[in-house]
Each structure stands twice: as C-alpha cells, then as structure tokens.
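Each chain is listed here by its residues.
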Amino acid sequence: MSGETTLTVIGNLTDDPDLREVNGQLVVNFTVASTPRQFDRQSSQWKDGPALFLRCALWRDAADNVAQSLIRGSRVIVTGKLTQRSYEDRNGAKRTVLELTVDEIGVSLKYAVAKPIKRSALTGARAGGQTAAKTTAARGSDDPFAEFQPEPEEA
C-alpha cells in the first residue's frame, strides 16, 4: 500500500516479549527503547539524548519466533509500519497511541553474535509442546543469544 509510514528502529527490548493468542492468531507485543548518543566536543564525552520508547506488535509464526528468541535487553533492528490507534480508557478518557506493526525483526550483531536456526529445524516447536516460557527457561535467562535446542522427535 502506498502512503504508509515505514519506520526502522534500532534499540533494546525494555522487557521480555509478551506472547498471546488473539482470535486464534499469535501476537507478540514488546517495547523497543532507542536512545541517540551525541559527542559533546566541549566536554569530549558522549551524551545520551532523549529516549524513544516504541510499542511494537508482531503476528503469527514470527510472533512465536520472537518469544522464543528474545529477552529483555536484547538489541534489535525492527522495521514496520507506524500506526495510530485510538481507544477509551477505563475512566472514559479518549487516548491515542502510536504503535509499530512489525514486518521484520532481527538481533543486532554490533555487540553480540547469534546463530540463526530455520523454523523447519525446530520441528514445529509449538506443536511439540515447547512453549516460549519453557524455551526461555531452558536456554537460561542470562544469555539472549543462546542457541535453542528443540526436544528430540520420537520415532
């Protein structure tokens, strides 16, 4: 579609991705914090600018992939369409939020290494009873880039 606002953001996840099912479809929600840094020549130091906190949503199989792969603090590159949504809060006040509907997401390799594993190699992780919570616990919460090891298939 023409006229959509496409945006790419590089930053860190502020919390673990939140995987849910909505109307039979998987969706993962997360927030990316991006803080610009500028070099101050007078003080010869780097200074942080104002942080941008952008709420993101990703649907279907990719949602499950994100939930199994990323944790709080993971540095990511996210691209998608900027959308505006209005709603009424519990007190009846009208609110408007900006949200990024994610098309693509990947880990940043600027400060880390990662080994991609194709989804087909996971042998249907969700169907095999492997959930995002089990995966996070199995790989250890300290290492956001630890390799996912699927449970062996029965013959």
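Residues numbered from 1 in each chain as written. Predicted model: local features only at pLDDT ≥ 70, side-chain atom pairs only at ≥ 80, totals over all residues. Heavy atoms only, no water.

Colleague: Could you give an account of the pairing of strand E6 (residues 52-59), with specific residues and numbers?
Modeller: For a regular strand, side chains alternate in direction, first toward one face of the sheet and then toward the other. Pairing of strand E3 (residues 25-34) with E6, which is carried by eight bridges, proceeds in the antiparallel orientation. In the sheet register, valine 32 faces E6, and the bridge partner there is leucine 54. Relative to strand E8 (residues 94-107), E6 is paired through three bridges, and the arrangement is parallel. Bridge pairing in E8 links cysteine 56 to leucine 100. (Pairing = 2+ DSSP bridges. Helix = DSSP H or I, 4+ residues; strand = E, 2+ residues; numbered from the N terminus.)

Colleague: An account of the pattern of salt bridges is needed here, citing residue identities and associated values.
Modeller: Where charged atoms from two side chains of opposite charge come close, those side chains can pair. This structure, assessed with the given rule, holds six salt bridges. In this structure, lysine 81 and aspartate 103 form a salt bridge, with 2.6 Å as the shortest nitrogen-oxygen distance. Within this pair, whereas lysine 81 is found in strand E7 (residues 75-88), its partner aspartate 103 is found in strand E8, the two being separated by 22 residues in sequence. For aspartate 89, the salt bridge is made with arginine 95, and the minimal N-O distance between the two is 3.1 Å. Its relative accessible area of 43% is what places arginine 95 among the partly exposed residues. (Salt bridge = Lys/Arg side-chain N within 4 Å of Asp/Glu carboxyl O. Buried < 20%, exposed > 50% of the residue type's maximum accessible area, 1.4 Å probe, protein only.)

Colleague: Can you explain the environment of tyrosine 111? Please cite residues and give values.
Modeller: Among the structural elements, tyrosine 111 can be located in the loop between E8 and helix H2 (132-139). Here tyrosine 111 falls in the exposed class, since its relative accessible area comes to 63%.

Colleague: So, the pairing of E3: which residues are in play, and what are the values?
Modeller: Counting buried residues in E3 gives nine out of 10 residues, a clear majority hidden from the surface. Two elements, strand E2 (residues 18-22) and E3, share five bridges in a ladder whose sense is antiparallel. Its bridge partner being in E3, aspartate 18 is matched across the sheet by asparagine 29. What sits between E2 and E3 in their antiparallel hairpin is a turn of two residues, with asparagine 23 showing a positive phi close to 50°.

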